[in-house]
Protein chains: 2
Amino acid sequence: MNDNTGDRIMNRGFEAVDLSSEDLIALAAQRKAAAADILRLTWLAGCGHPGGSLSTLDALLLLYRFGKLSPDKAQAPDRDRVIISHGHISPGVYATLAQHGYFAIEEAYRGFRRAGSVFGGHVENCVPGVEWNTGNLGQGLSAGCAMAFASGVHQRPYHVFVGMGDGEQQKGQVSEARRFAAHFRLSNLIAFIDVNGLQIGGDTQRIMAQRLQEEWEAAGWNVLSLDGHDHHALYTAFRCATRRETPNPDAPTVLLLRTVMGKGVSFIENDAKYHGQSLTSEQVRRAFAELGVEDDLDALLALRAAGSDTRAHHVPVDRDVQIACGTPRTYDVATKTDCRSAYGDALLDLAQHNKDNPDAWPIIGISCDLEGSVKMNAFHKLTPARFVEAGIQEHHSAVFAGALSKERCVPFFSTFGMFGIVEVYNQQRLNDQNSAAPRVVVTHCGLDVGEDGPTHQCIDYIPLAHNLFGAELYAPADPNETDRIIRYVASRHVPAFVTMGRSKLPTLATPEGQPALAGDFQGGRWITLREGNDAVVFAFGAMVWRAVAASDRLAAEGIQLRVVNASSLKPIDKDCILKAAKEVGRLLTYEDHNVHTGLGALVASTLGDAGIAARLRRLGVQRYGTSGPPDDLFAEQGLATEDLMAAARELARADA
Amino acid sequence: MNDNTGDRIMNRGFEAVDLSSEDLIALAAQRKAAAADILRLTWLAGCGHPGGSLSTLDALLLLYRFGKLSPDKAQAPDRDRVIISHGHISPGVYATLAQHGYFAIEEAYRGFRRAGSVFGGHVENCVPGVEWNTGNLGQGLSAGCAMAFASGVHQRPYHVFVGMGDGEQQKGQVSEARRFAAHFRLSNLIAFIDVNGLQIGGDTQRIMAQRLQEEWEAAGWNVLSLDGHDHHALYTAFRCATRRETPNPDAPTVLLLRTVMGKGVSFIENDAKYHGQSLTSEQVRRAFAELGVEDDLDALLALRAAGSDTRAHHVPVDRDVQIACGTPRTYDVATKTDCRSAYGDALLDLAQHNKDNPDAWPIIGISCDLEGSVKMNAFHKLTPARFVEAGIQEHHSAVFAGALSKERCVPFFSTFGMFGIVEVYNQQRLNDQNSAAPRVVVTHCGLDVGEDGPTHQCIDYIPLAHNLFGAELYAPADPNETDRIIRYVASRHVPAFVTMGRSKLPTLATPEGQPALAGDFQGGRWITLREGNDAVVFAFGAMVWRAVAASDRLAAEGIQLRVVNASSLKPIDKDCILKAAKEVGRLLTYEDHNVHTGLGALVASTLGDAGIAARLRRLGVQRYGTSGPPDDLFAEQGLATEDLMAAARELARADA
């Protein structure tokens, strides 16, 4: 049904001065075939987005014909990268990729928008040739920035092409990414926008007027405006952009493609309805007649009826992180410091160990105007080219960090917890769906944020991490544990959140006075810091030393309070909870997190799932905090050491 | 220590042609006094943001001197609104408000950045004169848009002034809000930006270069650039903007204020360190000498030592929603429709009942390019002036909806669940902190999104709602329940999330064949749809009719499966869970939500908290879904009706 006319060696880029007549003929044929495939795919599924697929199609065909791409080299380090940010034009992408030999189009016919298939409604990187999952609009350009930046880090010259819709330009994150790209002079980044003038609701200017030319110029980009269906014009524009034959060769370039939604099928052209609606059989046949394509709908139905392959990741993720983790640093028990500083020291040590090893994956530090607060200064000074100050642009930065992890880099993204997890939760979610692995080390978590008040108190991150199937979450209790957790997450391709407060903490000691958390760190394993069988308290982060102090003071009263450091908040240590429930049966949770959604909920639901009856009392944050020093805020929410002691006393004296 | 020189009648606006010499003298005196207060406040707290407070101060003083504002009329409907989006300049705001009689500055001396006080590190609307809590940058302009829009809705002419920082301009949401404001011709909206050229990390252009003039012009605003410390220039600019003596009188206006961080204290001017650092005692004394202010630090310490008032909302929230809820519509049991349509019908009915009643709070519908999908078309047609198409700008729209609820409006914000909850979780969080009450009715929740794939599957909203202390969450199971829930949330000033899928559902019937959910709806109360004592299943939304079908089919096998409709997901019905645990002891949860964080976790943790041992089996979403029809996706995740039946059989046969 379809000729795979693409050759299978790497294309040479936009080298020729212009298209040859052979190119023009081949492109015309491909356009016709791909347009028909777009109609077939959406007709077979009974849904999907033909309109934008047809309007972006010519740019896609040009790109895959000439860009340094090859289906046999879909993971080649020097390949160009293509990101389609308006992921709903998946039929156009699949049709184009099939034209260039990435897979047989029949696979897509069978699987498009079908449960279990890789050929999803929005593009996903389990399809060969797709670099980055999209679907939530406005995020693709940020991923493109990461790939363009990685070209410089690895000193491998390639281009990154990012396709976007015109409605999508309304998303705020686009303005962050384009500012970033201009600031970092990512001249190897080329965006192209399908300006078909229509979004779901109709005319883009009527829905929400925007001045694309002026906006992109204000952001410092080269702006080329052209007919997005003119193959000559497209070739020339891509050639100029890739050769930096632009007004500002140091700036990235955007192509504003004047296009027609539904282009090539006369009776759907410029009709917003076909943004997201497939054609009827009769309409498809009429369109085929216009295109001069044979009617094969019955054969297609038979093919579709045969079922589709189940989903599998065709393109493996490289999880074999190349990095030397060095020797953990042990802080003695007299040390009192903040986990932030221990993080900064560990990051510096990791960078020192790896920076001169050409095989090591580069560590990239990313901050959003909080370099000092998150203690990245020393890292910045050591490897300035690997430190990225991204401005107050957290949405962009979260995606940037995620996409970097797919480019043989080890990204550490650090800001306050509110801005690195809560504010950008959706970006972290798409990172997770991409099998990306940003290491998100965030400070100022819990009530321990200084006196900044409720907007800055990140007391709601635990369920966010639990919502992300692939993510892990660690909250170190002291500098020793911080050091070990940072090395642990650095070495593993896993989206990891590491949360810590702002204040200085004592280094935790065993009852014998030795550093308590200087052994190996292992996710999913909780460590008992004080033994006891009258009650058990589970705590993490800034509450742990308080729990230890409570236990030591209660011991003088004859109450033995077991203290468990629940630093591994995802995965949790269910065995440890159940053991405590069975052995002691009197449990406390103690956290500066929303009491309804934090560690207490995890412990309670572990008991409920196991069908084990125990007494459980949760201490946690009951309402939004006020502005004040952490000790005062803890007291305000019933979280002072004395509050824990009182709760433990009451529980220990209760009947079992 | 301070003269309250502001008079207590409503100012008359910027009517006079220019400042009088009396004005100039008074302003100079106020500037000196307020600058000293900024230094006092931050010195007393040992933290805070003097730099930006001093650079924004002149604009604030002008605004509160001439804007239509009065401390005695802080809730007057015709007052001008002032929003300070860069909420960290709270010392400057408090100093200004005290100068104009909103409270005695001594209150702020005693309470600033102290646990329990209203005088937080970032401004909060429990302080008289503060309209909107800020602190997470980039959101204030969206709130300002809502207040400016409400002026038109209520036909009350006033102005809305929004102050912002220059670093803040990097936030993507600013670009959404300014596009929206221009599109809706909010000419009564006046933004002013403190362009002091510094952010925490240093020079704004070095951190992340931006071209403010070009960006705001590209967005279609009038842009006035002026010396932000020149009282004449400030007055003239505010006068021109409020009188619409601008190049485009239909457009909003922004003032770019060229300022000096730390202005007025020579040795901290232009030093980024003082963005967020207080002065030492010696420095304050030196500054006082420069300003010609008496050294009163010892007296201040004594005042501070006396303690501060505890927090209370000085400005009450109007929770008495004026709206007629009409008569619920009852769908008969033969009806099969989607909850979206029942929502659209209920919204239309509410609008019809209230639109001609001048005392009723206007219902405002807000959509983000998904009007048809969320079934707002009929509402739009009925009251076009009260329908807001906000473009693909969800971050902006969420704040816009929240702020409208504080302006005697009933905002219904509708889009897909992914975009109205997940993507804008942080915006909904700040809405909650503002005691705002957007009614967020979102469709395409769970796996039931059509064939759009994992980026569109909102399977993670339950814990997000539970993270927000004030929020409620309802997931109707059929059109009758949808209708009642919509009327219920319309009438209450509570941030409410209502979630529903895309597909048509049967209208639920009692065993006797009557509509099962046509009674009153009450938050926190779960309704039993089928009785049974072999096992109990808790379900919500699209899973309920499947659970009922399973129960009816199992009855033929002699297994009595109790079916509970857990539509009130926050608050939950704990009594119902505990009753089932005690009576039956064999529980199932059945949900198209992340199995780790949804209803199953709520039931499990309720059991764990109560110390009740029961058998519990959770059925839910185990991993990100693929693209396909909902039935196929349910089957893929073990959520078919047959899967529930198998689980119920197994549980019913297990030993108790």
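As shown above, the structure is provided for reference.
Presented here is a report on the structure given in the accompanying data block. Here the structure is a predicted model, which means the values were calculated and not measured.

Helix and strand content of chain A: 23 helices and 21 strands. Computed over the C-alpha atoms, the radius of gyration of chain A is 28 Å, within 12% of the 26 Å expected from 2.2 N^0.38 for a compact globule of 656 residues. With the C-alpha coordinates of chain A rotated into their principal frame, the extents come out at 90 × 50 × 45 Å. Out of the 656 residues belonging to chain A, those deemed buried represent 68%. Intrachain contacts of chain A at a sequence separation of at least 6 include 80% that bridge at least 24 residues. Carbon and sulfur atoms provide 48% of the accessible area of chain A, an area that totals close to 20,100 Å². Computing the positive centroid from 63 side-chain charges and the negative centroid from 78, chain A places the two 2 Å apart.

Phe-412 and Phe-538 of chain A together with Phe-412 and Phe-538 of chain B are the most contacted members of the largest nonpolar core, which has 240 residues in total. Apart from residues no more than four positions distant in its own chain, Phe-538 of chain B is found in contact with Trp-526, Val-564, Cys-576, Ile-577, Ala-580, Leu-587, Leu-588, Thr-589, Tyr-590, Leu-599 and Val-603 of chain B.

Our focus in this paragraph is the state of the cysteines. Residue and element names in this part refer to chain B. The tally for this structure, following the rule as stated, stands at zero disulfides over all chains. You can see Cys-325 has no disulfide; the closest cysteine sulfur is in Cys-409, sitting 16 Å from it. By relative accessible area, Cys-325 is classed as partly exposed at 22%.

All names here are of chain B. Within the open sheet, the five strands sit side by side as β1-β2-β3-β7-β6. Their pairing is parallel. One side of each edge strand has no neighbouring strand; the edge strands of this open sheet are β1 (81–84) and β6 (222–227). Across this sheet, the average inter-strand angle for adjacent strands is 20°, counted without regard to direction. Pairing analysis gives six bridges linking strand β2 (residues 160–165) to strand β3 (residues 189–195), with the strands arranged parallel. Paired with Gly-163 across the bridge in β3 is Phe-192.

Residues and elements named next belong to chain B. Contact geometry of helix α5 (residues 140–153) with helix α14 (residues 394–404) gives a least axis separation of 7 Å together with a crossing angle of 50°. On the basis of the axis angle, α5 is oblique to α14. In the packing of α5 onto α14, the handedness of the crossing is right-handed. Of the residues in α14, those touching α5 at Ser-142, Ala-143, Cys-145, Ala-146, Phe-149 and Ala-150 are His-396, Val-399, Phe-400, Ala-403 and Leu-404.

Turning to its location among the elements, Arg-304 of chain A is positioned in helix α11 (residues 297–305). It turns out Arg-304 of chain A is buried and unbridged, and the closest side chain with the opposite charge, Glu-451 of chain B, is 7.5 Å from it.

Another point: the packing of aromatic side chains. Tallying each qualifying case throughout the model produces 46 aromatic pairs over all chains. For the ring pair Phe-14 of chain A and Phe-66 of chain A, a centre distance of 5.7 Å and an interplane angle of 40° mean the geometry is tilted. One end of the pair, Phe-14 of chain A, is in the segment before α1 (21–45); the other, Phe-66 of chain A, is in helix α2 (residues 50–66), with 52 residues separating them in the sequence. This pair shows no difference in class: Phe-14 of chain A is buried, exactly as Phe-66 of chain A is. Arranged with centres 4.8 Å apart and planes meeting at 90°, the rings of Phe-469 of chain A and Tyr-624 of chain B form a pair that is edge-to-face. Of this pair, Phe-469 of chain A sits in the loop between α17 (462–467) and β13 (472–474) while Tyr-624 of chain B is found in the loop between β21 (615–621) and α22 (630–636), placing the two residues in two different chains.

Glycine aside, residues mostly have negative phi, and peptide bonds are mostly found in the trans state. Across the junction of Lys-570 of chain A and Pro-571 of chain A, the peptide omega takes the value 0°, indicating a cis bond. Positionally, Pro-571 of chain A belongs in the loop between β19 (568–570) and α20 (574–583). For Arg-244 of chain A, which is not a glycine, the phi torsion comes out positive at approximately 60°. Along the chain, Arg-244 of chain A falls in the loop between α9 (231–242) and β7 (253–258). When its relative accessible area of 38% is taken as the criterion, Arg-244 of chain A is described as partly exposed. Although it is not a glycine, Asp-369 of chain B sits at a positive phi angle of roughly 60°. Its place among the elements puts Asp-369 of chain B in the loop between β9 (363–367) and α13 (377–382). For Asp-369 of chain B, a relative accessible area of 3% translates into the label buried.

Thresholds, definitions, all that
- Residues numbered from 1 in each chain as written.
- Chains lettered and ligands numbered in written order.
- Predicted model: local features only at pLDDT ≥ 70, side-chain atom pairs only at ≥ 80, totals over all residues.
- Heavy atoms only, no water.
- Helix = DSSP H or I, 4+ residues; strand = E, 2+ residues; numbered from the N terminus.
- Rg over C-alpha atoms; globule rule 2.2 N^0.38 Å.
- Buried < 20%, exposed > 50% of the residue type's maximum accessible area, 1.4 Å probe, protein only.
- Contact = heavy atoms within 4.5 Å.
- Areas by Shrake-Rupley, 256 points an atom, 1.4 Å probe, with all protein chains shown as cover.
- Lys, Arg positive; Asp, Glu negative; His and termini not counted.
- Charge placed at Lys NZ, Arg CZ, Asp CG, Glu CD.
- Core = buried A, V, L, I, M, F, W, Y, C linked by side-chain atoms within 4.5 Å.
- Disulfide = S-S within 2.5 Å.
- Pairing = 2+ DSSP bridges.
- Axes fitted to C-alpha atoms, helices over the stretch in contact; angles between N-to-C directions.
- Parallel < 35°, antiparallel > 145°, perpendicular 65-115°, else oblique.
- Left-handed = near helix turned anticlockwise from the far one by under 90°.
- Salt bridge = Lys/Arg side-chain N within 4 Å of Asp/Glu carboxyl O.
- Phe/Tyr/Trp six-rings, centres within 6.5 Å; stacked < 30°, edge-to-face > 60°.

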